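Here is how the chains run, residue by residue.
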Amino acid sequence: IADWPAAPACASTSATTVQADVLRVALAAVLPAASSDDTRAHLHGVCWDGAQIIAVDGHRLHMHNGLPTCTISPAPILPLPSALALAAALKRAVGDVSVRWLPGAVEFAIVTREGLVVRLHAKLAGAAFPPWQQVVPTNPPVQIACDAAPLVAALASALAAYAAAGNGGRATQVRFAERDGALEIRADYDGAVIYSPRVAADVTPGYVASFSPRYLL
């Protein structure tokens, strides 16, 4: 405990409010990418940086925009156990959530559907979040618009062999590509290639991207 790094200092308290629904959606979007390794304090949580909330585990990064701007410097990290507790409390929240930043800590005041006020006080992680902006592409964003059902079915088909193999790492990649105005999904398995039925989609011409199969399961 004596070697645990000091939490980021906050010169003074500050407060803001955020709609419960907005915060709930933001947490749901980024929590899957938070590292579960509590020895990596800089990744073991979610970071509120400006108007974004971010989580990264060293392999993937999830970011959600549209939050009230947090001006705390360095950007505060809410440890994963506290972020999960906050997400659970928000399931029954209504109205606005009050957020009060304290030296090395944060306090959330949540009003439930029953009219109760739940207060969550959490220490901030004693680490600096990685420079996440460096891995966010600066090119114009790729837009893919399609019906969810055929996309899910195509992904299931492409990943079937990977799941059947017991997730033993036989799949090297899953590739998305624009082909003749549709989205093509293919999976590579030890030199073999499995193609799924093409998905009717509005996708940027020439788009190609590869993903690790374990992040698409």
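Whatever comes next refers back to the structure up there.
Bear in mind the structure is a predicted one, so any value in this text is a computation, not a measurement.

With that settled, the discussion passes to unusual backbone geometry. A cis amide bond links Ser73 with the next residue in sequence, Pro74, at an omega value of -5 degrees. Its place among the elements puts Pro74 in the loop between β4 (61–64) and β5 (77–79). With a phi angle near 55 degrees, Asp180 is a residue other than glycine that sits in the positive phi range. Structurally, Asp180 is set in the loop between β10 (171–179) and β11 (182–189). In this structure Asp180 comes out as exposed when scored by relative accessible area, which is 73%.

This part takes up a nonpolar patch on the surface. A surface patch of nonpolar side chains, amounting to about 210 Å² of accessible area, comprises Val94, Val111 and Val117. Considering the arrangement of structural elements, one finds Val117 in strand β8 (residues 117–123).

Before going further, it helps to examine the packing of aromatic side chains. Counting across every chain of the model gives one aromatic pair. Ring centres of Trp48 and Trp101 lie 5.7 Å apart, and the angle between their planes is 75 degrees; on these two criteria the pair is classed as edge-to-face. Taken together, the positions of Trp48 in strand β2 (residues 45–49) and Trp101 in strand β6 (residues 93–102) put the pair 53 residues apart, joining distant regions of the chain.

The method is simple in principle: a probe with the dimensions of a water molecule rolls over the atoms, and the space it marks as empty is what remains. Summed over the entire model, instances satisfying the criterion amount to one cavity of 30 Å³ or more. Taken as a whole, the largest cavity spans an internal volume of roughly 90 Å³. Around the largest cavity sit 13 residues that line it, and Val46, Trp48, Ile53, Leu78 and Phe108 are the ones nearest its centre. Taken together, the elements giving at least two residues each to the lining of the largest cavity come down to α1 (20–30), β2 and β5. Ranked by the residues each element gives to the lining of the largest cavity, the list is headed by β2, at three residues. Partitioning the lining of the largest cavity into residue classes produces 13 nonpolar, no polar and no charged.

Rules used throughout
Within each chain, residue numbers correspond to sequence positions counted from 1 in written order. With the structure being a predicted model, the display of local features is reserved for residues of pLDDT at least 70 and the display and counting of side-chain atom pairs for 80 or more, all residues being used for whole-chain, interface and lining totals. Excluded from the side-chain calculations are hydrogens and water; all other atoms, namely the structure's heavy atoms, are used. Strands here mean DSSP runs of E at least two residues long; helices mean DSSP runs of H or I at least four residues long; both are numbered from the N terminus. Each residue gets one of three labels from its accessible area relative to the maximum for its type: buried under 20%, exposed over 50%, partly exposed in between, using a 1.4 Å probe on protein chains only. For patch building, the residue pool is restricted to those with more than 30% relative accessible area and no salt bridge; the joining distance is 9 Å between like charges and 5 Å between nonpolar side chains (Val, Leu, Ile, Met, Phe, Trp, Tyr). Accessible surface area values rest on a Shrake-Rupley calculation with a 1.4 Å probe, where residue burial reflects the displayed protein chains alone. The salt bridge definition used is simple: a Lys or Arg side-chain nitrogen within 4 Å of an Asp or Glu carboxyl oxygen. When the centres of two rings from Phe, Tyr and Trp lie within 6.5 Å, Trp using its six-membered ring, the rings pair. Their planes under 30 degrees apart give stacked, over 60 give edge-to-face, and anything left gives tilted. Buried and open spaces are told apart on a 1 Å grid over the protein atoms alone, a cavity being a set of points where a 1.4 Å probe fits but cannot get out and a pocket being an open set with protein on both sides within 12 Å along at least five of seven lines. Residues with an atom within 4 Å of a point are the lining residues. Grid points are joined across faces, edges and corners, and a volume is the space filled by probe spheres set on the points. Side-chain classes follow a simple rule in which Ala, Val, Leu, Ile, Met, Phe, Trp, Tyr, Cys and Pro form the nonpolar group, Asp, Glu, Lys and Arg form the charged group, and the remainder, Gly included, forms the polar group.

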